[in-house]
Amino acid sequence: MRGVTPMPTAFRVNRDLSLEIAEVPPAPMGPGEVRVRPAHAGVCGSDQHAAHTGAWIEYWPATLGHEVVGVVAESSVDASVPGDRVVVDSRIPCRDCADCAVSPRLCANLTWLGESRPGGFATDLVVPASSLFAVPDGLPLDVAVLAEPLAVVLRALDALPTGTERVLVQGYGPIGALAHRVLAGRGVRVTVAETRQDRLDLAAERGAESRESLGRVDAVVDAAGFPGSVRVAVEAVRRGGTVLVVALGAHPIDVVAQDLVERGVQIATSLGFEDGDIPRALETLAADPEGYAAVVSTRIPLAELPATLTGRADTLGKLVVACAPEEAVA
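Treat the numbers as computed from the prediction; the structure is a model and nothing was measured.

### A few points about the overall build of the protein chain
Next, step 1: The helix and strand tally for the protein chain stands at 13 helices and 16 strands.
Next, step 2: Computed over C-alpha atoms, the radius of gyration of the protein chain comes to 20 Å, within 12% of the 20 Å expected from 2.2 N^0.38 for 330 residues, which places it in the range of a compact globule.
Next, step 3: On the principal axes, the C-alpha backbone points of the protein chain span a range of 70 × 45 × 40 Å.
Next, step 4: Surface accessibility of the protein chain: about 15,000 Å² in total, with carbon and sulfur atoms responsible for 53%.
Next, step 5: Charged side chains in the protein chain number 28 positive and 42 negative. The centres of these two groups are separated by 4 Å.

Structure (C-alpha cells):
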C-alpha cells in the first residue's frame, strides 16, 4: 500500500544461537547520530565465529555486521545529510584510557559494531555521525564495502620495511587477496601459499609468481593462522627478513628464539586500523575499482544469510550481503 513504510528487517543471532531474519522496530536515533540504510555488508570471519559461538556478543538478540556501506536516511547533525553515501567505521573505543592515548585500536575496552550494538546485516542502522566516511563519487557501493578489510591490510603492510621487494602471502582468503592486490600495485613480487587449489589458481591468474622464482623472500604476510604458520613463515623468509602476523590464529607460536636471533628475523603483528585508514582505503579502491571488485566472489541477499551461516561459509573470495539494492537506499 502506498505511503506505508515497511518495517525494517534484520539478521539476528538469538541467545540459543539460532539464526533468523526478523522484522524489528526502527532503532531510536540519539544526539549526534545518523540513520543509515545499509546497501552492502561484508561477512568477516569474526561474524561467522560470533554466530556459531556467541563470542563477544553483549546483547540479545544480536544483529552482526561491521563491514557496512550504505546511504544516510536521517541525520541529527549538519555534517551528514540524507543521500550521502557512506562507509561505517565499526570500531567503538572508549577514547579515554591510556591505551587509547597511544591508539584507539589498542583500546583495552574496544568493542565493535554488531557485538555491543546492532550492526549492518539489516535494512536500518543507527550509528554515531563521527563514524561515517564519505564514499568517493563513482566508486560503486559494492566495492566500497571492502574499505574496512582493506584498511586492516593497509595498516598491516605499513609494518613492512622500506625496500621490501619479494613477499610470500600465506593464505588467500579476502585478507590475503587484498594484500596481494596492494603489494602488486606497489611493484612488489608476490608468491602465495594456499591449501585450496582454486584459490592458488586464482592467485596465479592475478600474477602471483612461483615459489621457486622468488627463493627466500624479504617478508612473509601470515594471513592464514594455521597451526605452525609462523614457524613456516620464519623458515621461508631470508636472513634479516620480516614475518608479519595478521591472522588471528589461536595456536601457540612454535618458534625457537635462537633461530630468530641468529638469523635476524623480525616478527611484527598488526591489529585493526587507525583513524585515517578507512579514507586511505577508499582512495585505494577508487583508483582501481575493477581490480578490487574481483576480491568479492559471492553476493547473497540478506534473506539468505541465516542459511548461509548455518554451515561454515567457505567461499572462494569475499562474501558480501546485499541488504538492499543501491537504488532502494538512495
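### What about the state of the cysteines?
Next, step 1: Here the structure, examined in full by the defined rule, presents zero disulfides.
Next, step 2: Sulfur of C94: no disulfide; nearest cysteine sulfur belongs to C97 and is 3.6 Å away.
Next, step 3: C100 provides the cysteine sulfur closest to C107, a residue in no disulfide bond, and the two sulfurs are 3.5 Å apart.
Next, step 4: Here C107 falls in the buried class, since its relative accessible area comes to 7%.

### Some words on the packing of aromatic side chains
Given two aromatic rings, one states the distance between the centres and the angle between the planes to describe the pair.
Next, step 1: Applying the stated criterion across every chain, the model contains one aromatic pair.
Next, step 2: Between R181 and the ring centre of Y292, over which it is positioned, the NZ or CZ distance is 6.0 Å.

### Brief notes about a nonpolar patch on the surface
Next, step 1: A cluster of nonpolar residues, V102, L106 and L271, forms a patch on the protein surface that exposes about 280 Å² of accessible area.
Next, step 2: Residue class for V102 comes out exposed when judged on its relative accessible area of 66%.

### A look at the sheet that holds strand β13 (residues 237-245)
Next, step 1: Ordered by their spatial adjacency, five strands build an open sheet running β11-β10-β12-β13-β14, and the pairing between neighbours is parallel. Each edge of the sheet is formed by a strand with only one pairing partner; in this case those strands are β11 (189-193) and β14 (266-269). Neighbouring strand axes in the sheet, compared pairwise and without regard to direction, differ in orientation by 20° on average.
Next, step 2: Sheet topology note: the β13/β14 ladder contains four bridges and is parallel. Directly across from L244, in β14, lies its bridge partner A268.

### A word on unusual backbone geometry
Next, step 1: A cis amide bond links W60 with the next residue in sequence, P61, at an omega value of -15°.
Next, step 2: Relative to the helices and strands, P61 is located in the loop between α1 (45-53) and β4 (67-75).
Next, step 3: In this structure, W56 takes a positive phi of about 75° despite not being glycine.
Next, step 4: For W56, a relative accessible area of 46% corresponds to the partly exposed category.

### Focus on the environment of I278
Next, step 1: Residue placement: I278 occurs in helix α10 (residues 277-287).
Next, step 2: A sequence separation of 145 residues divides I278 from F133, and the C-alpha atoms of the two residues are 7.5 Å apart.
Next, step 3: Other than its neighbours up to four places away in sequence, I278 contacts V87, V88, D89, F133, A147, A151 and F273.

### Things to note about the packing of helix α4 (residues 147-157) against α10
Next, step 1: Close contact between α4 and α10 brings their axes to 8 Å; oriented N to C, the two are set at 105°. Judged by the angle between their axes, α4 and α10 are roughly perpendicular. Seen from α4, the contacting residues are A147, L150, A151, L154 and R155; seen from α10, they are D277, I278, R280, A281, L282, T284 and L285.
Next, step 2: Grouping the amino acids of the contact of α4 with α10 by side-chain chemistry returns eight nonpolar, one polar and three charged.

### Concerning the pattern of salt bridges
Next, step 1: For the coordinates displayed, the defined rule picks out 23 salt bridges.
Next, step 2: Close ionic contact of R35 with D124 constitutes a salt bridge, the shortest N to O distance being 3.0 Å. Taken together, the positions of R35 in strand β3 (residues 33-42) and D124 in the loop between β7 (111-112) and β8 (125-128) put the pair 89 residues apart, joining distant regions of the chain.
Next, step 3: For R35, a relative accessible area of 9% puts it in the buried group.
Next, step 4: The exposure class of D124 is buried, given its relative accessible area of 9%.
Next, step 5: Here D158 ties to R155 by a salt bridge, and the two come within 3.7 Å at their closest N and O atoms.
Next, step 6: Given the relative accessible area of 38%, D158 is considered partly exposed.
Next, step 7: One salt-bridge network, held together by shared partners, links R35, R37, E74 and D124.

### With respect to the pairing of strand β12 (residues 217-222)
Next, step 1: Summarising burial for β12: six of the six residues are buried, a large majority.
Next, step 2: Direction of pairing for strand β10 (residues 166-170) relative to β12: parallel, over a ladder of four bridges. Among the inter-strand pairings, V167 is bridged to a residue of β12, identified as A219.
Next, step 3: A crossover connection joins β12 to the parallel β13 through helix α8 (residues 229-236); in handedness this β-α-β unit is right-handed.

Parameters at a glance
Residues numbered from 1 in each chain as written. Predicted model: local features only at pLDDT ≥ 70, side-chain atom pairs only at ≥ 80, totals over all residues. Heavy atoms only, no water. Helix = DSSP H or I, 4+ residues; strand = E, 2+ residues; numbered from the N terminus. Rg over C-alpha atoms; globule rule 2.2 N^0.38 Å. Areas by Shrake-Rupley, 256 points an atom, 1.4 Å probe, with all protein chains shown as cover. Lys, Arg positive; Asp, Glu negative; His and termini not counted. Charge placed at Lys NZ, Arg CZ, Asp CG, Glu CD. Disulfide = S-S within 2.5 Å. Buried < 20%, exposed > 50% of the residue type's maximum accessible area, 1.4 Å probe, protein only. Phe/Tyr/Trp six-rings, centres within 6.5 Å; stacked < 30°, edge-to-face > 60°. Lys NZ or Arg CZ within 6 Å of the ring centre and 35° of its normal. Patch = residues over 30% accessible without salt bridge, like charges linked within 9 Å, V, L, I, M, F, W, Y side chains within 5 Å. Salt bridge = Lys/Arg side-chain N within 4 Å of Asp/Glu carboxyl O. Pairing = 2+ DSSP bridges. Axes fitted to C-alpha atoms, helices over the stretch in contact; angles between N-to-C directions. Contact = heavy atoms within 4.5 Å. Parallel < 35°, antiparallel > 145°, perpendicular 65-115°, else oblique. Nonpolar A, V, L, I, M, F, W, Y, C, P; charged D, E, K, R; others polar. Right-handed = clockwise from strand over helix to strand, strands pointing away.

The values are spatial; any link to function lies outside them.
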